[in-house]
Amino acid sequence: QLNIKSIRLFVLLGVFTIVCIIMVQVTWLITSMNSESRKFNHSVHVALFEVFKKLAGSSPIPVENPVRKISDDFYVVDLNSNVTADVLEFYLINELSKLSIRTDFEYGIYDCTTDQILYGSYLRAKNGKSEPENETVLPKVAGLTYYFVIHFPNRNEFILNSISVWIFFAAVSVIVLIFFGYALYVILRQKRLADLQKDFINNMTHEFKTPLSSVKIAADYLLSREDHQADS
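Each value, and the rule that gives it
- Residues numbered from 1 in each chain as written.
- Predicted model: local features only at pLDDT ≥ 70, side-chain atom pairs only at ≥ 80, totals over all residues.
- Heavy atoms only, no water.
- Helix = DSSP H or I, 4+ residues; strand = E, 2+ residues; numbered from the N terminus.
- Buried < 20%, exposed > 50% of the residue type's maximum accessible area, 1.4 Å probe, protein only.
- Contact = heavy atoms within 4.5 Å.
- Areas by Shrake-Rupley, 256 points an atom, 1.4 Å probe, with all protein chains shown as cover.
- Salt bridge = Lys/Arg side-chain N within 4 Å of Asp/Glu carboxyl O.
- Expected span 1.5 Å × (residues − 1).
- Arc of directions from axis to C-beta.

Participant: So what's going on with the overall build of the protein? Which residues, and what values?
Facilitator: Across its full length, the protein holds four helices and six strands. In the protein, the succession of α and β elements from N to C terminus is α-β-β-α-β-β-β-β-α-α. A burial count over the protein gives 25% of its 232 residues as buried. Taking contacts inside the protein between residues at least 6 apart in sequence as the whole, the part at least 24 apart equals 67%. Accessible surface for the protein amounts to roughly 16000 Å². Of this, 61% is attributable to carbon and sulfur atoms.

Laid out in structure tokens, this is it:
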């Protein structure tokens, strides 16, 4: 009985440990992803603000931040004047590279004469310019006259790659937990089979004892009867 209680306690502790480790791993990964996301947003803001300052030249810096985040992967930069695609692309590549933002991006420049976003280029982190896999409609922003928009289509992949080492260790931890759970299952299964085997042996021993006892009683009776006849 004590052994069974010990095994049950071991199982409960094992399950509790597994649940706690999984919760810690999930919480830690979510925290890391949020931290990298904030870092990415901050780096993009800094890089785009530097691009704005270079395009503005000697013009005064506005009080309001010209860099706005439309969504997690879309940004708009309010300019004081028009800009050509080649100059903008040059500054974008340089400033983003300085802050180690090595991921695909595409940009467009607003043309006030046509009231449309003129698509610039799709720049891959490794292969340079190329055509986008899916045609992207870059959004317009109301209330601005001169501005450009930039889109990071692989933002989430970039963030995941930045924590790939920690994801690897988390995966190793999960594999270890799986093996631990399997070992726990094997132990319980072996314990169950051992109990069944013990019960079987006990039953067989009991079944054999009953006829053997009867035979022994009969043999003792016959022996005692023979001895009695011999004495007579």
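Don't stop here, the text continues.
Participant: Give me the lowdown on the pattern of salt bridges, citing residues and values where you can.
Facilitator: Enumeration over the complete set of coordinates arrives at seven salt bridges. Lys53 is the salt-bridge partner of Glu50, the closest N and O atoms lying 3.1 Å from each other. Taken together, the residues span about one helical turn, with Glu50 and Lys53 both in helix H1 (residues 2-56) at a distance of three residues. For Lys53, a relative accessible area of 32% translates into the label partly exposed. Between Asp115 and Lys140 there is a salt bridge, with the nearest N and O atoms lying 3.3 Å from each other. Of the two residues, Asp115 sits in the loop between strand S3 (105-111) and strand S4 (116-124) while Lys140 sits in the loop between strand S5 (128-130) and strand S6 (147-151), which places them 25 residues apart along the sequence. A relative accessible area of 37% places Asp115 in the partly exposed class. Relative accessible area serves as the criterion here: at 44%, Lys140 is assigned to the partly exposed category. Connected through shared salt-bridge partners, Glu50, Lys53, Lys54, Glu95 and Lys98 make up one network.

Participant: Before we move on, could you go through helix H2 (residues 85-98) and cite the residues and values that matter?
Facilitator: Between its terminal C-alpha atoms H2 stretches 20 Å, which fits the 20 Å expected from 14 residues at 1.5 Å a residue. Residues Leu88, Glu89, Leu92, Glu95 and Leu96 constitute the buried set of H2. Seen from one end, H2 has its buried residues packed into an arc of 145°, which puts them on one side. When the buried face of H2 is taken as reference, the exposed residues oriented beyond 90 degrees from it are Asp86, Phe90 and Lys98. Directly after H2, the chain includes Ser100, whose backbone phi takes a positive value near 60°.

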